[in-house]
Amino acid sequence: MSYRIGLVGKPSVGKSTFFNAATMNDVPEGAYPFTTIDPTVGEAYVRVDCAAPEFDESCTPNVGVCREGTRFVPVKLVDVAGLVPGAHEGRGLGNQFLTDLNETDVLIHVVDFSGKTDIEGEATEGHDPREDIDFLEEELDAWYLDVLEKGLEKFETRYHGADAAIERELAEQMSAFGIDKDRMKQVILAEGLELDPETWDDADKADLAREIRKRTKPMVVAANKMDTPEAQANWEEITSDPDYDHLSFVPASAHAEKALKNADDAGVVDYTPGESDFEVVGDVSGDQEAGLDQIGEFVAEYEGTGVQGALEAAVFDVLGCIAVFPGSANGSKDEKGVFRDCFILPGGSTTEDFAFHIHSDIGEGLLHGTDCRSNRQVGADHELSHRDVIELVSTKQAAP
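Residues numbered from 1 in each chain as written. Predicted model: local features only at pLDDT ≥ 70, side-chain atom pairs only at ≥ 80, totals over all residues. Heavy atoms only, no water.

Participant: Which residues make up unusual backbone geometry, and what values go with them?
Facilitator: Residues other than glycine seldom take positive phi values, yet Lys225 does so here, at roughly 65°. With respect to the helices and strands, the residue Lys225 is situated in the loop between strand 6 (219-224) and helix 7 (229-239). Lys225 sits in the partly exposed class, given a relative accessible area of 26%. Positive phi values are uncommon outside glycine, yet Glu303 reaches one of about 60°. On the secondary structure map, Glu303 appears in the loop between helix 9 (286-302) and helix 10 (307-318). The class for Glu303 is exposed, based on a relative accessible area of 66%. (Helix = DSSP H or I, 4+ residues; strand = E, 2+ residues; numbered from the N terminus. Buried < 20%, exposed > 50% of the residue type's maximum accessible area, 1.4 Å probe, protein only.)

Dropping the structure here:
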């Protein structure tokens, strides 16, 4: 099962361009509100150094591709429509926006760092991108607070005495956000609150809702249009502002990424997504050459266009995921192909988690794993590391 990255942003900031650049899908683009009405799901990729060369093998990917030792592993990218101030009150696409958003694991917020679109997505000059960053967090916080308060109302109605457990009621109310009672209790205590909502004031509730949101809907800010001087000036101010230390920022130009991929498809350049350079291999006009020179300066300075970087920051840095390769005892292949698969798992996953991720039958019959680099046996509770190559030894085979 692929991770789902939610792509959000106010109208006209280049969100659909970012989506198209990441997936090369033909989603309509335009400088007007609600270019995207329904959520569009596409396949994007995150890069992992392939393990095959370490075993003197060439991989045969079942999904994705491998280019010169870099594995491109699929993830789902969801272009979520309808973000405007007041979405949590039903404005714009309102509740549909929030529902679509909640079906994702992590968010990439595309922000026009050039300041040339206002809070409604209309053309302007000198807009402060901080307003866009703030309003998304405020919308999500208001949404979480509304759900939290409904849980508190139910708790007051249903529970009394020694059996009352606020963490259980709130976890049940907020289960759609992927939080259970143990994690809920952890967050409440981490906020310095008692497990008694009668001791909470309005500020406590707002802070708790915000903390739950930050833990269950983590976010990367893609600072788009960074190939403009206005965006570069805003970048320096915003990324040095301690109010935004809790966010991850990636400088990006969706336009540059799409231009390079189109040129690569046309045989004009040789470009690998995420790289900080490219080679012109075809005939170009004077204007095309000038445009490619500008893009070349940008990707050299920022170590890429930022589109690939934002996807990987979301999956590996913010979510803390790891990539794991299944292998045989000699580390080279499973029975169906040479380094055929590469799976993205939550950080902290064990050998047993890996087995169940591949198939429940393998998990149920798991005996142990083998670290194919060291040829060392590892137990079911062994915590895996990024790029491990693990053979699973089980009494059961996966169902055909």
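Participant: Let's hear about the packing of aromatic side chains: which residues, and what values?
Facilitator: Taken as a whole and judged by the stated rule, the model has 10 aromatic pairs. Plain terms: the ring middles of Phe298 and Tyr302 are 4.9 Å apart, the flat faces sit at 35° to each other, and that makes the pair tilted. Placement of the pair is Phe298 and Tyr302 together in helix 9, with a separation of four residues, close to one helical turn. Just as Phe298 is buried, Tyr302 falls in that class too. Through a chain of ring-to-ring contacts, the aromatic side chains of Phe55, Phe325 and Phe339 assemble into a single cluster. (Phe/Tyr/Trp six-rings, centres within 6.5 Å; stacked < 30°, edge-to-face > 60°.)

Participant: Just give me the short version of the pattern of salt bridges, but keep the residues and values in it.
Facilitator: With the rule as written, the count across this model stands at 22 salt bridges. Between Glu54 and Arg373 there is a salt bridge, with its nearest N and O atoms 2.8 Å apart. Of this pair, Glu54 sits in the loop between strand 2 (40-49) and strand 3 (65-67) while Arg373 sits in the loop between strand 14 (366-371) and strand 15 (376-378), and the two are 319 residues apart along the sequence. The salt bridge partner of Asp146 is Lys150, with a shortest N-O separation of 3.5 Å. Taken as a pair, Asp146 and Lys150 lie in helix 3 (residues 129-158) at a separation of four residues, close to a single helical turn. With relative accessibility at 41%, the residue Lys150 sits in the partly exposed group. (Salt bridge = Lys/Arg side-chain N within 4 Å of Asp/Glu carboxyl O.)

Participant: Now, about the pairing of strand 1 (residues 4-8): what can you tell me, with residues and values included?
Facilitator: Buried residues dominate strand 1, accounting for four of its five residues. Pairing of strand 1 with strand 4 (residues 70-79) involves four bridges; the strand directions are parallel. Paired with Ile5 across the strands is Leu77, a residue of strand 4. (Pairing = 2+ DSSP bridges.)

Participant: Would you mind going over the confidence of the model for the chain in detail, with residue names and values included?
Facilitator: Considering every residue of the chain, the mean pLDDT works out to 89; 88% of them sit at 70 or more. In the model, residues 26-38 has pLDDT below 50 throughout and makes 35 contacts with residues more than four positions away in sequence or in other chains. This model gives residues 330-334 a pLDDT under 50, and the stretch forms 15 contacts once residues within four places in sequence are excluded. (pLDDT = per-residue confidence, 0-100. Contact = heavy atoms within 4.5 Å.)

Participant: Which residues make up the nonpolar core, and what values go with them?
Facilitator: Phe113, Met174 and Phe249 are the most contacted members of the largest nonpolar core, which has 53 residues in total. Residue contributions to this core peak at nine residues, all from helix 3. Here this core spans two domains, since at least three of its residues come from each of domain 1 (4-126 + 218-317) and domain 2 (137-214). In this view, Met174 contacts Tyr144, Val147, Leu148, Ile179, Met184 and Ile212; residues no more than four positions away in its chain are not counted. Val75, Ile108, Val307 and Ala323 belong to the second largest nonpolar core, which has 42 residues in total. (Core = buried A, V, L, I, M, F, W, Y, C linked by side-chain atoms within 4.5 Å. Domains from an automatic or database assignment.)

Participant: Please give an account of helix 4 (residues 166-173) that cites residues and values.
Facilitator: Among all positions in helix 4, only Ile166, Glu167, Glu169, Leu170 and Ala171 are buried. Structurally, helix 4 contributes buried residues whose contacts are with helix 3 and helix 5 (181-190).

Participant: Provide a residue-level description of the sheet that holds strand 15, including the pertinent values.
Facilitator: Adjacent strands of a sheet form backbone hydrogen bonds with each other and so pair up, either parallel or antiparallel. The strand order across the open sheet built from five strands is 13-10-16-14-15, with neighbouring strands paired in mixed fashion. Where the open sheet ends on each side, the last strands, each with one partner, are strand 13 (343-345) and strand 15. The sheet shows a mean angle of 40° between the axes of neighbouring strands, taken without regard to direction. Sheet contacts for helix 11 (residues 351-358): strand 10 (322-326), strand 13, strand 14, strand 15 and strand 16 (388-394); angle to strand 13, the most-contacted strand, approximately 130°. (Axes fitted to C-alpha atoms, helices over the stretch in contact; angles between N-to-C directions.)

Participant: If you had to explain helix 9 to someone new, which residues and values would you point to?
Facilitator: With 17 residues, helix 9 ought to run about 24 Å at 1.5 Å a step, and its terminal C-alpha atoms sit 25 Å apart, in line with that. Leu292, Ile295, Phe298, Val299 and Tyr302 are the residues of helix 9 that are buried. An end-on view of helix 9 places all buried positions within 120° of arc, on one side of the element. Opposite the packed face of helix 9, turned more than 90 degrees from it, sit the exposed residues Gly286, Gln294, Glu297, Ala300 and Glu301. Looking at the residues trailing helix 9, positive phi occurs at Glu303, about 60°. (Expected span 1.5 Å × (residues − 1). Arc of directions from axis to C-beta.)

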